[in-house]
Amino acid sequence: MGVTTVTEMTDGVLHTLFRTEQGGHEQVVLCQDRATGLKAVIAIHSTALGPALGGTRFHAYASDEEAVLDALNLSRGMSYKNALAGLDLGGGKAVIIGDPDLIKTEELLLAYGRFVESLGGRYVTACDVGTYVADMDIVARETRWATGRSPENGGAGDSSVLTAFGVFQGMRASAQHLWGDPTLRGRKVAVAGVGKVGHYLVEHLLEDGAEVVITDVREESVRRIVNKHPGKVTAVVDTDALIRVEGLDIYAPCALGGALNDETVPALTAAIVCGAANNQLAHPGIEKDLSDRGILYAPDYVVNAGGVIQVADELRGFDFDRCKAKASEIFDTTLAIFARAKADGIPPAAAADRIAEQRMADARAARVVWPSRGPF
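Because the structure is predicted, anything quoted here is derived from the model rather than measured.

## Quick word on the nonpolar core
Formed by 30 residues in total, the largest nonpolar core has its most connected members in Met171, Val191, Leu201, Val202, Leu205 and Ile214. Among the elements that make up this core, the one with the highest residue count is helix H6 (residues 160–179) (five residues). Setting aside chain neighbours within four positions, we find Val202 in contact with Val191, Val194, Val212, Ile214, Ile225 and Val233. Counting residues in each nonpolar core, the second largest holds 24 residues, with Val29, Leu110, Leu119 and Val139 among its members.

Encoded structure:
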């Protein structure tokens, strides 16, 4: 088993790693364990506020370069998410390359845990797409720096619960800002992706009286919800159909990133976009396109922070009520971002970035700098 710091990458990856306009990354580690077939990337974007916390994504990427780029983008998002969630934690993310249904084994997860441990606490991991509570229990056998574990193993359990709750708070804040009332009763909400987080979000929406339309690439996920709520949930064939549903009030992307792009934004019928997916904006400038169309965008890393709030609490002894109370603050944080955006004349995504960047900059400035004593 060996750890290799990135030294040779394509220009695209190196640009993402070192670009100064987005703050760069502190460290990127490539991990390989030939015995188990493990290939992973651990990206640490910032430790200005504390250890870098972020989940581990297990996915069959089209190329190794795509995996590295995903880790870089996701880790940067975690820095901003943790900053705006009010956590004293930096941002990091890891990806394991491969189809989890085919290559995930106990031995591979243990090998991954040893890599996380080798970083000495600079990176704290948790669940993400393709990894689950049971996986973190295995990883935690090799490292102290694994959260999102089962309650039986001292953990917080499924972080999707509070992720969905936080997105719901973001939706309520968006409704308050746009329509003057936080209730979603009578509003038509489209949820793209009803897996780990999306199905919990649907429950909140139905309880609040919303009309819900869903889609998912997994037919069984759609069927589970439709069968549970006959006559209350409508399903459409795919996301392309979902974003064009007539009379749509809110669109909630809850699957993989890049949902808001040059093709989908012009077709959106919703007045608000607020969802759980990470990195929803496909490229810089999309936030302005949304604003120009009069669509209110609740920044993804703000509203989906409930999960990281939940797993972060494990580091001091998990208390669900304390976590839920903190996740409730996403409502006020979202409103504050909309107010800042209006005051500065910028899209909400840019306003959120400014607030997060200021908190990280303040933390770096507050660090003690010892006087130099010379070379010896």
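Structure shown, so let's carry the discussion forward.
## Comments concerning the sheet that holds strand S10 (residues 233–235)
Sheet architecture is open: six strands sit in the order S10-S9-S8-S11-S12-S13, paired in parallel fashion. Two strands lie at the open edges of the sheet, namely S10 and strand S13 (296–297), each paired on one side alone. Summarising the sheet, strand S9 (residues 211–215) and S10 pair through three bridges and their orientation is parallel. Each residue of the ladder has a partner; that of Val213, found in S10, is Thr234. Packed onto the sheet, helix H7 (residues 198–207) meets strand S8 (188–192), S9, S10 and strand S11 (250–253) and runs at close to 170 degrees relative to S8.

## Overview of the pattern of salt bridges
For the structure on display, the rule yields 22 salt bridges. Note that Asp88 and Arg359 form a salt bridge whose closest N and O atoms lie 2.9 Å from each other. Here Arg359 lies in helix H16 (residues 348–365) and Asp88 lies in the loop between helix H2 (64–84) and strand S6 (90–97), a separation of 271 residues in the sequence. For Asp344, the salt bridge is made with Arg340, and the minimal N-O distance between the two is 2.6 Å. Here Asp344 and its partner Arg340 are both found in helix H15 (residues 330–344), four residues apart, which amounts to about one turn of the helix. The class of Asp344 is partly exposed, set by a relative accessible area of 32%. Among the residues examined, Arg340 registers a relative accessible area of 31% and is labelled partly exposed. Residues participating in the shared-partner salt-bridge network are Arg57, Asp70, Lys93 and Asp128.

Rules and cut-offs
Residues numbered from 1 in each chain as written. Predicted model: local features only at pLDDT ≥ 70, side-chain atom pairs only at ≥ 80, totals over all residues. Heavy atoms only, no water. Core = buried A, V, L, I, M, F, W, Y, C linked by side-chain atoms within 4.5 Å. Buried < 20%, exposed > 50% of the residue type's maximum accessible area, 1.4 Å probe, protein only. Helix = DSSP H or I, 4+ residues; strand = E, 2+ residues; numbered from the N terminus. Contact = heavy atoms within 4.5 Å. Pairing = 2+ DSSP bridges. Axes fitted to C-alpha atoms, helices over the stretch in contact; angles between N-to-C directions. Salt bridge = Lys/Arg side-chain N within 4 Å of Asp/Glu carboxyl O.

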